[in-house]
Amino acid sequence: VQLVESGGGLVQPGGSLRLSCAASGFTFSSYAMNWYRQAPGKEREWVAVISSAGGSTNYADSVKGRFTISRDNGKNTVYLQMNSLKPEDTAVYYCKLDRLTRTYWGRGTQVTVSS
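Caption draft 1: View of the overall build of the protein. In terms of regular secondary structure, the protein is built from zero helices and 11 strands. Going from the N terminus to the C terminus, the protein shows its helices and strands as β-β-β-β-β-β-β-β-β-β-β. Computed over the C-alpha atoms, the radius of gyration of the protein is 13 Å, within 12% of the 13 Å expected from 2.2 N^0.38 for a compact globule of 115 residues. Projecting the C-alpha coordinates of the protein onto the three principal axes gives extents of approximately 40 × 25 × 25 Å. Every one of the 115 residues in the protein was classed for burial, and the buried ones make up 42%. Counted over contacts in the protein with a minimum sequence separation of 6, partners at least 24 positions apart contribute 51%. Per element, the accessible surface of the protein, about 6,000 Å² overall, is 44% carbon and sulfur. Across the protein, the centroid of the 13 positively charged side chains sits 5 Å from that of the 8 negatively charged ones.

Here it is as structure tokens:
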């Protein structure tokens, strides 16, 4: 299993970014996928989840209405569209897979929201 995040960067408050997580090594379309984030000095926190077929999503209250999770099962990729970004969204963003009895994480992509 391999999960590779990309798309992070430096953005001004109010701006947008789209993160991608490219997955390989398993049947991507069979599993729900999650995004998490970890800010400096804080614990990793859950951000969003999407069902295996993409028909169901859920979000942390802190990002609801601003972030959108989606997936393309043909490309084995999950996305996180982030709009109206705030400085408190600054963190390393990770995608996560729970498969059978194991949990898999990518290496993360840094998002910095600053003027």
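Caption draft 2: Main features of the packing of aromatic side chains. Inspection of every chain in the model, using the stated rule, returns four aromatic pairs. Relative to Trp-105, the ring of Tyr-36 has its centre 5.0 Å away and its plane inclined at 75°; by these criteria the two rings are edge-to-face. On the criterion of sequence distance, the pair formed by Tyr-36 in strand E4 (residues 33–38) and Trp-105 in strand E10 (residues 102–105) is long-range, its members being 69 residues apart. Given a relative accessible area of 35%, Trp-105 falls into the partly exposed group. The interplanar angle of 85° and the centroid separation of 6.2 Å between the aromatic rings of Tyr-94 and Trp-105 together place this pair among those described as edge-to-face. Residue Tyr-94 is located in strand E9 (residues 91–99), and its partner Trp-105 is located in strand E10; the two are separated by 11 residues in the primary sequence. Through a chain of ring-to-ring contacts, three or more aromatic side chains come together here, namely Phe-26, Phe-28 and Tyr-31. Above the face of the Tyr-94 ring, Arg-44 is positioned so that its terminal group lies 3.8 Å from the ring centre.

Caption draft 3: Layout of the pairing of strand E1 (residues 2–6). Of the two faces of E1, only the one carrying Leu-3 and Glu-5 is buried; Gln-2, Val-4 and Ser-6 on the other face are not. Inspection of the sheet shows E1 paired to strand E3 (residues 17–24) by five bridges, in the antiparallel sense. Bridging from a neighbouring strand, Leu-3 pairs with Ala-23 of E3.

Caption draft 4: Seen up close, unusual backbone geometry. Look at Asn-76: it is not a glycine, yet its phi comes out positive at around 50°. Along the polypeptide, Asn-76 turns up in the loop between strand E7 (67–72) and strand E8 (77–82). Within the chain, Ser-84 stands out as a residue other than glycine whose phi angle is a positive 50°.

Caption draft 5: Spotlight on the sheet that holds E8. Taken together, four strands build an open sheet; the order of strands is E1-E3-E8-E7 and the sheet is antiparallel. Edge positions in the sheet fall to E1 and E7, since each of these pairs with one other strand and no more. Ignoring strand direction, the axes of neighbouring strands in this sheet form an average angle of 15°. As defined by bridge partners, E7 adjoins E8 across six bridges and the pair is classed as antiparallel.

Reading the values: rules and limits
- Residues numbered from 1 in each chain as written.
- Predicted model: local features only at pLDDT ≥ 70, side-chain atom pairs only at ≥ 80, totals over all residues.
- Heavy atoms only, no water.
- Helix = DSSP H or I, 4+ residues; strand = E, 2+ residues; numbered from the N terminus.
- Rg over C-alpha atoms; globule rule 2.2 N^0.38 Å.
- Buried < 20%, exposed > 50% of the residue type's maximum accessible area, 1.4 Å probe, protein only.
- Contact = heavy atoms within 4.5 Å.
- Areas by Shrake-Rupley, 256 points an atom, 1.4 Å probe, with all protein chains shown as cover.
- Lys, Arg positive; Asp, Glu negative; His and termini not counted.
- Charge placed at Lys NZ, Arg CZ, Asp CG, Glu CD.
- Phe/Tyr/Trp six-rings, centres within 6.5 Å; stacked < 30°, edge-to-face > 60°.
- Lys NZ or Arg CZ within 6 Å of the ring centre and 35° of its normal.
- Pairing = 2+ DSSP bridges.
- Axes fitted to C-alpha atoms, helices over the stretch in contact; angles between N-to-C directions.

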